[in-house]
Amino acid sequence: EKQHDGTFLPFHLYTMRQAIEESFILDVLRNYTTYHDFFNLRKRIQDDPRYDKRKGAYLLKSYMDRHEHVIAKKTEVMIEHFREDVAARIEGQAKAMIVTRSRLHAVRYRLAVDRYLRQKGYPYRALVAFSGTVKDPDSGAEFTEAGMNGFMDTQTAEEFKKPEYRFLIVANKFQTGFDQKLLHTMYVDKKLGGVNAVQTLSRLNRTYPPHKEDTFVLDFANEADEIRDSFQPYYTTTILSQETDPNLLYDIKRKIEEYHMFEAVEVQAFARVYFRPGAKQ
């Protein structure tokens with residue numbers, strides 16, 4: 001509607017907040033974290049005897065070891081996080097997207113992901129999406145999306161639906177308009193801002209009731225404040241300004257236990273079923 005000053009304002013708004021509250025989409029900022037905060041939380045967990053120290057030590061090494069093989073190190077962090085925390089979600093069907101800063105980075109990430117998956121013997125496969133032909137200046141080799149995937153690039157989205165493909169590595173392509181309900185996690189290694197940040201992270205917000213309950217973003221390239229500001233015109237939410245304190249979980253646990261409504265053995269029995277990969281309801 002035209003205003004007195006000549007500007008136009010919408011007569012009605014359907015915001016992200018309302019869409020989230022009405023369960024049409026998921027809140028992709030709810031579990032957004034930068035790698036710096038993610039690392040610091042795991043570092044704190046490493047020093048807690050109630051947690052698995054190997055995970056914290058592994059992440060500490062990955063974070064500190066900044067040399068020419070940085071893509072290989074980031075790949076290791078991504079795949080191990082996916083294997084431990086994501087793969088069993090959505091009834092074992094969860095998929096992830098790796099957002100890269102250039103077509104050459106997409107090619108190198110695809111090669112690194114394939115190499116790491118082979119070394120570890122993990123049952124996941126990856127696809128890559130980028131336009132045109134990329135020539136690696138170091139090796140002189142040329143790559144295309146079709147050549148790396150083994151089929152026409154027009155088939156990439158459809159092939160990604162297959163259960164064996166768990167990672168989609170992209171450079172600009174599929175950052176807008178891509179609709180895949182099983183996409184749960186995004187690993188961001190590209191500077192994002194404004195509407196581009198909103199469109200990219202929103203690839204995760206498709207619902208898949210009742211099995212898809214949340215999403216997760218691990219960001220290597222951006223600051224939390226920058227992403228929050230990008231979403232501000234569309235939806236206002238809170239992103240933690242620093243890593244959380246795992247001790248808060250024990251405060252909540254103690255308060256709940258004071259009601260004496262269940263025994264520890266019941267919780268353990270439930271957890272054995274609920275967190276078993278592929279477990280049915």
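Our subject is the structure listed above.
Presented here is an overview of the structure given in this document.

Here is what the cut-offs are and how they apply
- Each chain carries its own residue numbering, running from 1 in the direction its sequence is written.
- A pLDDT threshold of at least 70 governs which residues receive local features in this predicted model, and a stricter bar of 80 or more applies before side-chain atom pairs are shown or counted, although totals over entire chains, interfaces and linings include all residues.
- To get the side-chain values, all heavy atoms of the structure are used, and hydrogens and water are removed first.
- Here, a salt bridge means any Lys or Arg side-chain nitrogen found within 4 Å of an Asp or Glu carboxyl oxygen.
- Labels follow the DSSP assignment, with helices taken as runs of H or I lasting at least four residues and strands as runs of E lasting at least two, numbered in each case from the N terminus.
- Remark: exposure states derive from per-residue accessible area (1.4 Å probe, protein chains only) relative to the maximum for the residue type, with buried under 20%, exposed over 50%, and partly exposed in between.
- For the purposes of these results, a polar contact is taken to be a pair of N or O atoms within 3.5 Å, where, inside protein, one atom must be able to donate a hydrogen and its partner to accept one; residues adjacent in sequence count only when each atom of the pair is a side-chain atom.
- Only heavy atoms matter for contacts: two residues are in contact if any of them lie within 4.5 Å across the pair.
- Think of it this way: DSSP has to see at least two bridges between two strands before they count as a pair.
- Whenever a helix is involved, its axis is fitted only over the stretch in contact; in every case the axis is a line through C-alpha atoms, and angles between N-to-C directions fall within 0 to 180 degrees.
- Charged-residue counts in this description rest on Lys and Arg as positive and Asp and Glu as negative, His and the chain ends being excluded.
- The pairing test for Phe, Tyr and Trp rings, Trp by its six-membered ring, is centres within 6.5 Å, and the orientation test on the planes gives stacked under 30 degrees, edge-to-face over 60, and tilted for anything in between.

## Some thoughts on the pattern of salt bridges
It is possible for side chains bearing opposite charge to pair when their charged atoms get close.
Link 1 in the chain: Scanning all chains against the criterion turns up 18 salt bridges.
Link 2 in the chain: Asp-189 is the partner of Arg-101 in a salt bridge, and the nearest nitrogen-oxygen pair spans 2.7 Å. Taken together, the positions of Arg-101 in the loop between β2 (95-100) and α6 (103-120) and Asp-189 in strand β7 (residues 183-189) put the pair 88 residues apart, joining distant regions of the chain.
Link 3 in the chain: The exposure class assigned to Arg-101 is partly exposed, which follows from its relative accessible area of 45%.
Link 4 in the chain: Of the residues examined, Asp-189 reaches a relative accessible area of 2% and is grouped as buried.
Link 5 in the chain: One network of salt bridges, in which partners are shared, links Lys-74, Arg-101 and Asp-189.

## A short note on the side chain of Asp-219
Link 1 in the chain: The topology assignment puts Asp-219 in strand β8 (residues 216-219).
Link 2 in the chain: At 2.8 Å, the side chain of Asp-219 and the backbone nitrogen of Ala-221 are in polar contact.
Link 3 in the chain: Apart from the residues lying within four places of it in its own chain, the contact partners of Asp-219 are Tyr-32, Thr-33, Thr-34, Tyr-35, Val-188 and Ile-227.

## Brief notes about the sheet that holds β7
Link 1 in the chain: If you walk across this open sheet you meet the six strands as β1-β8-β7-β2-β6-β3, and the pairing is parallel. Of all strands in the sheet, those with a lone pairing partner are β1 (32-34) and β3 (125-129), marking the two edges. The mean inter-strand angle of the sheet, taken between neighbouring strand axes irrespective of direction, is 20 degrees.
Link 2 in the chain: Summarising the sheet, β3 and strand β6 (residues 165-170) pair through five bridges and their orientation is parallel. The partner of Val-128 across the bridge, within β6, is Ile-169.
Link 3 in the chain: Running over the sheet, helix α9 (residues 194-201) touches β1, β2, β7 and β8 and is turned about 145 degrees from β7.

## Observations concerning unusual backbone geometry
Link 1 in the chain: Here the amide bond leading from Pro-209 into Pro-210 is cis, since omega sits at 0 degrees, within 30 degrees of zero.
Link 2 in the chain: The topology assignment puts Pro-210 in the loop between α9 and β8.
Link 3 in the chain: For Ser-23, which is not a glycine, the phi torsion comes out positive at approximately 65 degrees.
Link 4 in the chain: Tracing the backbone shows Ser-23 in the loop between α1 (16-21) and β1.
Link 5 in the chain: When its relative accessible area of 56% is taken as the criterion, Ser-23 is described as exposed.
Link 6 in the chain: In the Ramachandran plot, His-260 falls in the positive-phi region, its phi being about 55 degrees despite a non-glycine side chain.
Link 7 in the chain: In this fold, His-260 is placed in the loop between α11 (247-257) and α12 (264-274).

## Describing the side chain of Asp-27
Link 1 in the chain: Tracing the chain through its elements places Asp-27 in the loop between α1 and β1.
Link 2 in the chain: Among buried charged residues, Asp-27 stands out as having no salt bridge; its nearest opposite-charge side chain is Arg-30, 6.4 Å away.
Link 3 in the chain: A polar side-chain atom of Asp-27 sits 3.0 Å from the main-chain amide nitrogen of Leu-29.

## Things to note about the packing of aromatic side chains
Link 1 in the chain: Considering all chains together, one arrives at nine aromatic pairs under this definition.
Link 2 in the chain: Measuring from ring centre to ring centre gives 6.3 Å for Phe-160 and Phe-178, while their planes differ by 40 degrees; the resulting arrangement is tilted. Taken as a pair, Phe-160 in the loop between α8 (156-159) and β6 and Phe-178 in the loop between β6 and β7 lie far apart in primary sequence, 18 residues in all. Of the two residues, Phe-160 and Phe-178, both sit in the buried class.
Link 3 in the chain: A centroid spacing of 4.9 Å and a plane angle of 70 degrees characterise the contact between Phe-174 and Phe-178, whose relative ring orientation is edge-to-face. As far as the burial class goes, Phe-174 and Phe-178 line up, both buried.
Link 4 in the chain: Taken together, Phe-82, Tyr-116, Tyr-122, Tyr-124 and Phe-167 form an aromatic cluster joined through their ring pairs.

## Section: the environment of Thr-133
Link 1 in the chain: Mapped onto the secondary structure, Thr-133 falls in strand β4 (residues 133-135).
Link 2 in the chain: On the basis of relative accessible area, Thr-133 is assigned to the partly exposed category, the value being 44%.
Link 3 in the chain: Taking the C-alpha atoms as reference points, Thr-133 and Ala-146, 13 residues apart in sequence, are found 9.8 Å from one another.
Link 4 in the chain: Contact partners of Thr-133, with chain neighbours within four places excluded, come to Arg-103, Glu-142, Phe-143 and Thr-144.

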